[in-house]
Structures are given as structure tokens and as C-alpha cells.
Amino acid sequence: MADTATGRTTATHATRILGIVTLAGVAWLILFGLILSPADKNQGESVRILYLHAPSAWLAYLAFIVTAIASALYLFPKQHSLGWDRLAGASAEIGVLFMGMTLVVGMLWGRLTWGVFWRWDARLTTTAFLLVTYIGYLAVRRLGGTPEQRAKRSAVLALLAVLEIPLVHFSVELWRGLHQDASVLRPNGDVELDGLMLFTLLSGIVTFTLMYAWLVIHRTRTLTAEDMLDDVGLELALEERRRESIPHTIEEKGALLS
Amino acid sequence: MKAWWGTTRLIAKRELLVEWRSRIALNQVFPFAGIVMVMFGFAIDDTRLMERIAPGLIVLATMFALLILVQRSFAVESEDGALDALRTAGVSSSALFWGKSIAMAVQLAALEALLVVLAIFLYGSTIRPSGVVLLIATWLAASWGLATVGTLYGGLAAGARGRETLLPLLLLPVVAPVLIGATRAVEAALGARGSVADGWPWMGLVAVFAVVFCAGGTLAFGPLIDE
Amino acid sequence: MMEDAGFIVTSYVITFGGIVAYAWYVLRRGKKATKQLPDDSKPWV
């Protein structure tokens, strides 16, 4: 606890507790997911992947929604508060990570259940699209400039994404509606879960939500600290400049006067 | 309202005049798109298949050319800080957005018409008489939709140092609805796949896209270029 | 069945491995930034 007393990390008492609870949740999930829950009658053991895949997707969507809301909360009030911008950025980064993992793990699951790594169905295609969109968002955040410039650019981009994502999703749904693929499972790949399996899935969602909270708090604090450092760095640089322009010695002052 | 429209027309005229004087779109971008169409032929090398997929190739070549046209549209501005000068002079961002979009749409429309003609010669495409109206409607909607989206994201990414590489990454995913919708609509109009009646909903999709980004762009363009 | 086990284990390793790696990255970056700032300027302390 010595770290928190001096504030030398992004941790606080609350996040330590959150972290411990999350770890317990992870252990719980692994126990139930891999061992205690039964195999599915249709999918067999591959349903165990679903206990990670579905919560992972849920977390990514949650993260992107938070980014959108935080962006709006930055942009629309008269007084812009950079805290919202940092939350938006942190959440988007987490969202990209989990969306990426969702796709990779999903491909493994797909290989087991459908026999293919990829299907051009609406859900997968829109998911891939979402991933690329937010990778672009993160790239825009790194364009440089003041935090306020970054915040405004990113916020506008995030809100444009809110506009375009449903449009793309709808387009893809319409498009894939032309191609009805037969599949062993129900067409959208959902599985009927009940009892212990449903419980495991819900535990996964709860655990991943806690994980998200822990990650986003730490990441936002880091962004806050980094912005502060940039400000301090800028102030120091200006101070240097100012000092260089002030004559220090009598000779310099004399040279100025004559 | 009259003043706004006057400003918009002025800006559109200016854009087209700059292009006419330099002929860059005409001499460079159009040939680029043409070469892309030829290269598709090399890569795919199957006459019957090419006629089938010609609409998709036309739309793809348009998308690639769009990237270059947008870069160009904003490179001209940043060379002399013209955009900032216009803003400081009190030109409204919406007039700027509409003016640039109109000019872009004109160039895109000319490009797309050229590509359809090329497809007829290179790929053996034919235009169904019953599909002409659909083709023209799609042509107009796609040109306007791509122009507004391009101008919007161009304002964000193009023109400034180190940002140009960001434009394709940002723009191409966003135009996916136009890629999907315009291709299906043109397929129907050219008789490559489906009936003309099948094609109209897809044109509708492109039109919705154009309306959404026209509105969104009008609002968002100002904040994006005011830095 | 055996191939299944490989895929399943890989999924768990990728998921939790990725999360742990990212958490590690976040904590390290956080420590690096906050170490250079005075305590009273941080809103969470």
C-alpha cells in the first residue's frame, strides 16, 4: 500500500479492491468455463470458447458506446472538459483490443463449429468494419496538436462513427440477406443455453465488465497524467525561451542599450 | 439564404476553375482510374467473369480515384493557407462544405461516366434500356454521397503534413454502403445480375447514405477545419 | 476432440494472455507518467 500513499501509480484503494474482485471473477470463469460446465449437445466442447467470445464482444460494444457518449459529453457543453476526451480515448483503445480478440477467438470457434475461419455474414462483416473504424479513430488521436485540438477532432470523428455504423450494419444486413447460408446451428450462430451454461456465460459478462472498469480507470488516469506532463513540458520549454531572451550580464544589457 | 447560395456557388466555381486551369483531375486522376480498369483485366483474365463483375470494378476504381481527388482538393488549400483565409474572411463552413462537395461531385460524375464507357469497351458491358433511369439515379446519388463524405473526411485528414496516409484508412470503411449499394444497383442496370426492379432498393440505400452524410457533413465540417 | 481441446485452450490463452499483457502495459505506462508528477496535481490522490 506504500505506492498509493505517495500516489506514484495510477492505483488507488478502490482500484486495488476492484482488481482483486476481477481476478477472483477470472478464476471463477475459468473454473466454470473449462471444467464445471457441461459440453453442449450440438457444439460439444467448443461451446467453452463462447464463454470468452460473447463477453469479449459485449465488452467491445460497451467500450465503443462509452467512447461515443464521452465524446458527446466533451463536445456539446459550452465548457469543454478534457476528462471526457481522455475517457473516450481510453475506452476506444480497450474496445479495439477486445474487438480484435473477439474476432480472433471467434475465428477459432468458427473453425470448430462451421469448419471455416470466416463467413461473410452480417455480424462478422460489421464487426470487422467496427474494428477498422476505431483503429482509424485511435490513429487520429495521435495526430498531434494540443489536447483540445485532439479532443475536438476525435469527438467529431466518434460521433460521425455513431452515424455511419448503423448505416453500414444495415447495408451489410441487406447485402447478406441475399445469401442465405445453411448451417447446422440457427442462422445467426446463436446457441440455446440454459442452466449451468447460462450461469457461466453470465459470470463471464460480469467478470469482463469488472475488467473493463478496472482497465478504463487506469488508462484514463494514465492519459490524464500524460497530458499534464505535456503541459509541464510545454511550460518548461517556454520558460527556457523566455530566459534566453532576457539579458543576463552587464555586457549584454549594455549592448542592448547602445 | 441568397447570400449563402451565392457564396457556395462561388466556392464551387473556384474549385472547378482551379481544376480546369491545372487539368490535374483530367490529366492524372482520370488516366489513373483508366489504368486501374485495365489492370483489373490483367489480374482477373476471364472475359465472362469480367462482364459479370464489371459494376464492382467500376465502383472500386471510383473509390480509389476518390482518394486522390480528395487529397488534391485539400492540398490546394493548404499550400497557401487558403482555407484559413476563407474562414477568417467570414465564409461559413457550410457554404465551404457545400461548395467543395458540389465541385467534387461534378468531377466524380464525369469520372464515373468515363468508367462506364470504359467498361463497355473493355469488359463487354451493355446498358439495358430499362436500366437507364436506374443507372442515372445511382450515378447522381453515388456522386453526391461520395463527394460529401470525401470532403468531410478530407477536411480532417488531407492536406496537412503527415496526415495524408490517414485518409484511405478513414474513408474507405465509411463508403462501404455506397460500395455495396451502387454495385448492386449498377449490376441491375447493366443486366449483369438481377432485374432492374431489384436494383432500385440499392439505389435507395446510396441515396440515404448521401442524405445522411450531406447533413452530418454540413454540421461537422466547421468543427473539423477550425483548428 | 483432441483438436477441439487445442482450439479451446488457445482461445483461453489468447484472451487472458492479451488481457494480462494489456493490463501490464497500462500499469507500466501509468507508473512512468505519474512518477514524474507531484502528488497534489493528480485528481485521484
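Our subject is the structure listed above.
Criteria and thresholds
- Residues numbered from 1 in each chain as written.
- Chains lettered and ligands numbered in written order.
- Predicted model: local features only at pLDDT ≥ 70, side-chain atom pairs only at ≥ 80, totals over all residues.
- Helix = DSSP H or I, 4+ residues; strand = E, 2+ residues; numbered from the N terminus.
- Rg over C-alpha atoms; globule rule 2.2 N^0.38 Å.
- Buried ≥ 20, exposed ≤ 12 C-beta atoms within 10 Å, placed from the backbone.
- Contact = placed C-beta atoms within 7 Å.
- Nonpolar A, V, L, I, M, F, W, Y, C, P; charged D, E, K, R; others polar.
- Core = buried A, V, L, I, M, F, W, Y, C linked by C-beta atoms within 7 Å.
- Expected span 1.5 Å × (residues − 1).
- Axes fitted to C-alpha atoms, helices over the stretch in contact; angles between N-to-C directions.
- Parallel < 35°, antiparallel > 145°, perpendicular 65-115°, else oblique.
- Left-handed = near helix turned anticlockwise from the far one by under 90°.

A.B. asks: Even after reading the chapter, I still don't get the overall build of chain B, so can you show me in this structure?
C.D. replies: If you tally the helices and strands in chain B, you get nine helices and zero strands. Reading the secondary structure of chain B in the N-to-C direction produces α-α-α-α-α-α-α-α-α. Since a compact globule built from 227 residues should have a radius of gyration of about 17 Å, the 18 Å found for chain B is in line with a globular shape. Principal-axis analysis of the C-alpha atoms places the extent of chain B at approximately 55 × 35 × 30 Å. Counting only residues that meet the buried cut, chain B has 48% of its 227 residues in that class. Expressed as a percentage of contacts within chain B between residues at least 6 apart in sequence, the contacts between residues at least 24 apart total 84%.

A.B. asks: Sorry if this is basic, but what is going on with the overall build of chain C here?
C.D. replies: When its secondary structure is counted, chain C shows one helix and zero strands. Considering chain C as a whole, with its 45 residues, one finds that 18% of them fall into the buried category.

A.B. asks: Help me out: how do you make sense of the interface of chain B and chain A in this one?
C.D. replies: One frequently used descriptor of interface size is the decrease in accessible area upon assembly of the parts. Between chain B and chain A, the residue contacts involve 19 residues of the former and 20 residues of the latter. If you list the elements that add at least two residues to the side of chain B that touches chain A, you get helix H7 (166-174), helix H8 (176-190) and helix H9 (196-225) of chain B. Of all the elements, H9(B) adds the most residues to the side of chain B that touches chain A, at seven residues. Tallied by class, the residues present in the side of chain B that touches chain A amount to 15 nonpolar, two polar and two charged.

A.B. asks: Could you clarify how one ought to interpret the nonpolar core in this entry?
C.D. replies: One recurring pattern in soluble globular proteins: nonpolar side chains tend to sit buried together. Formed by 134 residues in total, the largest nonpolar core has its most connected members in Ala63(A), Tyr212(A), Tyr153(B), Val175(B), Ala185(B) and Val206(B). Of the residues forming this core, the biggest block, 16 residues, is contributed by helix H4 (residues 82-113) of chain A. Contacts of Ala63(A), omitting those with residues within four sequence positions, involve Ser91(A), Ala92(A), Ile94(A), Gly95(A), Phe98(A) and Tyr212(A).

A.B. asks: Just to check I follow, could you spell out helix H5 (residues 93-122) of chain B for this structure?
C.D. replies: Owing to its 3.6 residues per turn, the α-helix brings residues three or four apart onto one side. Between its terminal C-alpha atoms H5(B) stretches 42 Å, which fits the 44 Å expected from 30 residues at 1.5 Å a residue. Positive phi appears at Gly124(B), one or two residues downstream of H5(B), with a value of about 80°.

A.B. asks: What is the right way to read the packing of helix H6 (residues 132-157) of chain B against H9(B) from this model?
C.D. replies: To describe two helices that pack against each other, one gives the angle between their axes and the distance between the axes. Residue and element names in this part refer to chain B. The interhelical angle for the contact between H6 and H9, taken along N-to-C directions, is 25°, at an axis separation of 8 Å. In terms of orientation, H6 lies roughly parallel with respect to H9. Here H6 runs over H9; the crossing is left-handed. Across the contact of H6 with H9, the residue classes break down as 21 nonpolar, seven polar and no charged.

A.B. asks: When you look at the interface of chain C and chain A in this model, what are you seeing that I'm missing?
C.D. replies: Every contact between the two is made by 28 residues of chain C and, on the other side, 33 residues of chain A. For the side of chain C that touches chain A, the per-class residue count stands at 14 nonpolar, eight polar and six charged.

A.B. asks: Can you help me understand unusual backbone geometry in this one?
C.D. replies: For residues besides glycine, phi is generally negative; the peptide bonds are generally trans as well. Residues and elements named next belong to chain B. One non-glycine residue, Arg23, lies in positive phi territory at about 55°. With respect to the helices, strands and loops of the structure, Arg23 is situated in the loop between helix H1 (2-22) and helix H2 (24-44). Judged by local crowding, Arg23 falls into the exposed class, with 10 C-beta atoms found within 10 Å. One non-glycine residue, Asp45, lies in the positive phi region at around 55°. Assignment of secondary structure puts Asp45 in the loop between H2 and helix H3 (47-80).

A.B. asks: Help me out: how do you make sense of the arrangement of the chains in this one?
C.D. replies: Taken together, the two pairs of chains in contact show their highest number of contacts between chains A and C. Over all C-alpha pairs, chain B and chain C never come within contact, reaching a minimum spacing of 24 Å.

A.B. asks: Is there a simple way to think about the environment of Val36(B) in this case?
C.D. replies: With respect to the secondary-structure elements, Val36(B) resides in helix H2. Separated by 95 residues in the primary sequence, Val36(B) and Gly131(B) have C-alpha atoms spaced 25 Å apart.

A.B. asks: I tried to follow the environment of Val133(B) on my own but got confused; where do I start?
C.D. replies: Residues and elements named next belong to chain B. Looking at where Val133 falls in the secondary structure, it is placed in helix H6. You can call Val133 partly exposed: it has 13 C-beta atoms within 10 Å. Separated by 86 residues in the primary sequence, Val133 and Thr47 place their C-alpha atoms 27 Å from one another.

A.B. asks: Looking at this structure, how should I read the environment of Thr165(B)?
C.D. replies: Tracing the backbone shows Thr165(B) in the loop between H6 and H7. Along the backbone, Thr165(B) and Gln71(B) are 94 residues apart, and their C-alpha atoms lie at a distance of 9.8 Å.

A.B. asks: I would appreciate a short explanation of the packing of H6(B) against H8(B) in the present structure.
C.D. replies: Residues and elements named next belong to chain B. Put simply, H6 and H8 touch, their axes get as near as 9 Å, and they point 165° apart. When the axes of H6 and H8 are compared, the pair comes out roughly antiparallel. In this structure, H6 crosses over H8, and the sense of that crossing is left-handed. Counted together, Leu134, Leu135, Thr138, Ala142, Gly145 and Leu146 of H6 and Val178, Ala182, Ala185, Val186, Ala188 and Ala189 of H8 form the full contact between these two elements. Split into classes, the residues belonging to the contact of H6 with H8 amount to 10 nonpolar, two polar and no charged.

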